[in-house]
Amino acid sequence: MATGVALAARHAFELYHPPLARPGRTPQNKGLPVRGLSVLTTRDRVNLDAWIVPGEGPHTVVICHGMGRTKSSVLGHVKMLHDAGHHVVAYDMRNHGESGRDRKYGSMSERYTSDLADVIAAVRRDPEVGAGELAVIGFSFSTWVSLHVLRRLDTAVAAVVCDSGPMSDTAGGLRDFAALRRSLLPEPVREGAGYAVYRRAFSRFCMHMLAVRNWPPDLTGVPTRLMFIAGAQDPVISEAQIMAVADRYPEAERWTAPQSMHMNALRFDGAEYRSRVLDFLASSFTAAADRRKEAAAHG
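Taken in spatial order, the eight strands make up an open sheet running β1-β2-β4-β3-β5-β6-β7-β8, and their pairing is mixed. The open sheet is flanked by β1 (35–40) and β8 (253–257), the only strands paired with a single partner. Averaged over all pairs of adjacent strands, the angle between strand axes in this sheet comes to 20°, irrespective of strand direction. Strand direction decides the pairing type here: strand β7 (residues 225–231) and β8, joined by five bridges, are parallel. Considered in β8, the bridge of Phe228 is made with Arg254.

Tracing the sequence through the fold places Asp126 in the loop between α3 (108–125) and β5 (134–139). Along the backbone, Asp126 and Leu37 are 89 residues apart, and their C-alpha atoms lie at a distance of 9.7 Å. Setting aside anything within four residues of it in sequence, one finds Asp126 in contact with Arg35, Ile52 and Ala131. Of the polar contacts made by the side chain of Asp126, one reaches the side chain of Arg35; its length is 2.7 Å. Here the side chain of Asp126 touches Val129 through a polar contact of 3.1 Å, landing on its backbone nitrogen.

Sheet topology places β1 next to strand β2 (residues 47–53); six bridges connect them, and they run antiparallel. By the bridge assignment for β2, Val39 is matched with Leu48. Between β1 and β2, which pair antiparallel one after the other, the connecting turn spans six residues, and Arg45 there sits at a positive phi close to 60°.

The next subject is the environment of Pro58. When you line up the elements, Pro58 lands in the loop between β2 and β3 (60–64). The sequence separation of Pro58 and Asp118 amounts to 60 residues, and the corresponding C-alpha distance is 21 Å.

What counts as what
Residues numbered from 1 in each chain as written. Predicted model: local features only at pLDDT ≥ 70, side-chain atom pairs only at ≥ 80, totals over all residues. Heavy atoms only, no water. Pairing = 2+ DSSP bridges. Helix = DSSP H or I, 4+ residues; strand = E, 2+ residues; numbered from the N terminus. Axes fitted to C-alpha atoms, helices over the stretch in contact; angles between N-to-C directions. Contact = heavy atoms within 4.5 Å. Polar contact = N/O pair within 3.5 Å; in protein donor to acceptor, adjacent residues only side chain to side chain.

The following block contains the structure:
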């Protein structure tokens, strides 16, 4: 039993503090223009490393990758958005890629949410990519960050696309996530009571570290348009989990990619993914710009 609890604590910590990954591909590998951006977090002065990929503009999409990955994992989306004419900003979350690392055990939801707010603020200050409307695309773990951040922004973003998340039942989803590690666990923890202890402890440690509150967030009065994308074949976060969150926001768009698993709809349902996401962003940017013009006319 003690072994299961100890492993669960270690794996929970590693969920938010994954091992360093090897350097990945960059926008230059896809022939895209790129310049660097460093963002020092206001909460605890961790440096976040980002790419700015300027497009025709005027609007910008900020991309937040999934847990355990880096900004290199979203290069396909960077190219898709750039080809559509948008500026794109992709950043490494804290403890990932080329961003700084912490050894913190608690308040991880607040840390990651505050970090995204800092990135959005830095983008708005940038003279090249901050003049138009902004949107956010979050993947898996980052989808709940992308929703939570909306309550703390002084200026609303036009849209948020939640790809492969979030979970409506976070604790239950984490227990399911623990099952993905099962074949890698030591034999005494892989079956029976040992596994049950590990699975339950992993979820509890993760929830304690996350310290997420008010979920799903009340977005009454927030004009940001929302889109939720699930993978019909996703073994990590089920369509039911994602759409249960979407149900809290009746005006949100939703789509289940029929051939896709976790965070790979652009690969397995590419044509429809491009069409749906780009059309959603285009209409959201237009609506936000019209709203801003109307407010200025009455202002």
